[in-house]
Amino acid sequence: MKGFGTLMKRYVMLITFTPVIIAGILIFGQFKNKLGAEVGVLKVKTTLIEQTVTCNGRVEVAESEDVYVKIPCIADNIYVKGGDKVKKGDLLFSVDVEATKQVISAASGISPSLVPDEQIVKEIVAPISGEVSSINISSGETVSTDSPCAVISSSDALQVKIAIQESRLKNIKVGQKVTVSGTAFTLNEYQGVVSYIATTARQQYVGTMIETVVDAVISLTEKDESLKPGLSAKTKIIVGSQKDSIVIPYEYVMQDEFNNEYVYLYKDGYSVKCIIKTGKELSNGFEILSGLSSGDLVIINPDKIKNAGTKVRLITVEGKTVE
């Protein structure tokens, strides 16, 4: 019977305190609502905006020469390999004359015997002194006129060769600063400068599409051992800059039923709708042309705001908790 009495007391206490707990929860909810929605803010600051053009390319030796053959031929004996030092006039490889006659006759539709020997260059020599960066042929294989059979470097300086799309060319000039990056590089960025822009355009395939591009060269002003000829590189050419600009992340900007772009500002515990005008779409947000000033507090979670004039409670400023 004693246990039954204890159980009854607990039951009575539960019945007594449950309404109190429920009332407390309701009162706390109402009190919290009176405090306002919890928001964080970003303090508007001016910054430097850089306009950039991104191009892809490859690292190559700065002072080098590509070696081409004038007509297709068949390589015979190859006398050098990558890394060899050569002098101007040194023999790179010899040409199999009889096999080359067969290639020429097949292309022109004549008998091999009608192909004159003097038409065939029997030896390919180094046009400059330096180091053989690459030798792109094998004995017995056809040497094409479309790609270099060898590359000879005369310096250890490096550069990045890029192809600029014609739509982006008008803003690019020799002397502009460039940042260079690559997945195989040690540093996140290396500095360079536009040192050469070709005087003629060419066409290249991108998938199944043809685009018109102009070749250019980026001279690297810093390098390390991770920058190796042949590696792919991404370049950002700085074509312009603008001081004292305001940039706001995309997710803070909204649009009303009249197609006005706006943000909510925090002022004296309330949300204030602020109509803005945006400009360029940058990697980190919209450029703000008008509507905001340095020091304004932009609410970073506008989804918490039902409408302008909503009471709000400041929780964080630029990610830091408000004491």
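It should be noted that the structure appears before, not after, this text.
Criteria and cut-off values
Chains are numbered independently. Their residues run from 1 in the order of the written sequence. With the structure being a predicted model, the display of local features is reserved for residues of pLDDT at least 70 and the display and counting of side-chain atom pairs for 80 or more, all residues being used for whole-chain, interface and lining totals. By convention in this description, side-chain values take in all heavy atoms of the structure and omit both hydrogens and water. A run of H or I in DSSP counts as a helix once it spans at least four residues, and a run of E counts as a strand once it spans at least two, with each numbered from the N terminus. Each residue is placed in one exposure class: buried if its accessible area under a 1.4 Å probe, protein chains only, is under 20% of its type's maximum, exposed if it is over 50%, and partly exposed if it falls in between. Here, residues are in contact when the closest pair of their heavy atoms is within 4.5 Å. Every accessible area reported is derived by Shrake-Rupley at a probe size of 1.4 Å, with residue values counting cover from the shown protein chains alone. We define a salt bridge as a side-chain nitrogen of Lys or Arg found within 4 Å of a carboxyl oxygen belonging to Asp or Glu. A helix's residues, less one, multiplied by 1.5 Å, set its expected span. Starting at the helix axis, one direction is taken to each C-beta atom, and the arc is that of these directions. Here a polar contact is taken to be a pair of N or O atoms separated by no more than 3.5 Å, where protein atoms must pair a possible hydrogen donor with a possible acceptor and residues adjacent in sequence count only if both atoms sit in side chains. Two rings belonging to Phe, Tyr or Trp (six-membered ring only in the last case) form a pair when the distance between their centres is within 6.5 Å. Interplanar angles under 30 degrees mark stacking, angles over 60 mark edge-to-face geometry, and anything in between is tilted. The criterion is that NZ of a Lys, or CZ of an Arg, lies within 6 Å of the ring centre and within 35 degrees of the ring normal, and then a charge sits over that ring. When DSSP finds at least two bridges between two strands, those strands are taken to pair. Under this scheme, a helix contributes an axis fitted over its contacting stretch, all axes are lines through C-alpha atoms, and angles between N-to-C directions fall in the 0 to 180 degree range.

Draft legend 1. Spotlight on the overall build of the chain. Counting secondary structure elements, the chain contains two helices and 23 strands. Expressed as a percentage of its 323 residues, the buried residues of the chain come to 32%. Within the chain, contacts between residues separated by at least 24 positions form 72% of all contacts whose residues are at least 6 apart in sequence. Accessible surface, the chain: about 20,200 Å² in total, of which carbon and sulfur atoms supply 53%.

Draft legend 2. Quick look at the pattern of salt bridges. Counting across every chain of the model gives nine salt bridges. Close ionic contact of Glu131 with Lys85 constitutes a salt bridge, the shortest N to O distance being 3.0 Å. With Glu131 in strand 8 (residues 130-135) and Lys85 in strand 5 (residues 85-86), the pair connects residues that are 46 residues apart, well separated along the chain. Judged by relative accessible area, Lys85 falls into the exposed class, the value being 64%. Across the salt bridge formed by Asp256 and Lys273, the nearest N and O atoms sit 3.0 Å from each other. Placement of Asp256 in the loop between strand 17 (254-255) and strand 18 (261-267) and of Lys273 in strand 19 (residues 270-282) is noted, with a sequence separation of 17 residues between them. A single salt-bridge network, built from bridges that share partners, covers Glu98, Lys101 and Asp117.

Draft legend 3. Focus on helix 2 (residues 97-108). Counted at 1.5 Å a residue, the expected span for helix 2 with its 12 residues is 16 Å, and the 16 Å between its end C-alpha atoms agrees. Buried within helix 2 are the following residues: Val97, Thr100, Lys101, Ile104 and Ser105. All buried residues of helix 2 fall inside an arc of 135° around its axis, so they share one side. Residues Ala106 and Ala107 are exposed on helix 2 and point more than 90 degrees away from its buried face. Contact partners of the buried residues in helix 2: strand 4 (73-78) and strand 6 (91-95). Measuring from the side-chain oxygen of the N-cap residue of helix 2 to the backbone nitrogen of Glu98 gives 3.4 Å; that N-cap residue is Asp96. In the segment just after helix 2, Gly109 is the residue with positive phi, at about 80°.

Draft legend 4. Quick look at the packing of aromatic side chains. Scanning the model with the defined rule gives three aromatic pairs in all. Where Tyr250 meets Phe286, the ring centres are 4.6 Å apart and the plane angle is 80°; that geometry is what we call edge-to-face. With Tyr250 in the loop between strand 16 (232-248) and strand 17 and Phe286 in strand 20 (residues 285-290), the pair connects residues that are 36 residues apart, well separated along the chain. Looking at Phe286, the relative accessible area reads 13%, which means it is buried. Relative to Tyr264, the ring of Tyr262 lies with its centre 5.5 Å away and its plane at 80°, an arrangement referred to as edge-to-face. For Tyr262, a relative accessible area of 10% translates into the label buried. Residue Tyr264 is classed as buried on the basis of its relative accessible area of 6%. Here the basic side chain of Lys273 rests over the ring of Tyr262, its NZ or CZ set 4.6 Å away from the ring centre.

Draft legend 5. Representation of the pairing of strand 8. The sheet contact formed by strand 5 and strand 8 spans two bridges and is antiparallel. The partner of Val86 across the bridge, within strand 8, is Gly130. Alignment of strand 8 against strand 10 (residues 150-153), held across four bridges, turns out to be antiparallel. Note that in strand 10 the partner of Ile135 across the bridge is Ala150.

Draft legend 6. Expanded view of the sheet that holds strand 6. Taken together, the four strands give an open sheet; going across it, the order is 7-6-4-9, and neighbouring strands pair in antiparallel fashion. Since the sheet does not close on itself, it has two edges, and those belong to strand 7 (123-125) and strand 9 (142-143), each with one partner. Where strand 6 meets strand 7, three bridges bridge the pair, whose relative direction is antiparallel. Its bridge partner lying in strand 7, Phe93 is registered against Ile124. Most of the contacts of helix 2 go to strand 4, to which it runs at about 160°, and overall it touches strand 4 and strand 6.

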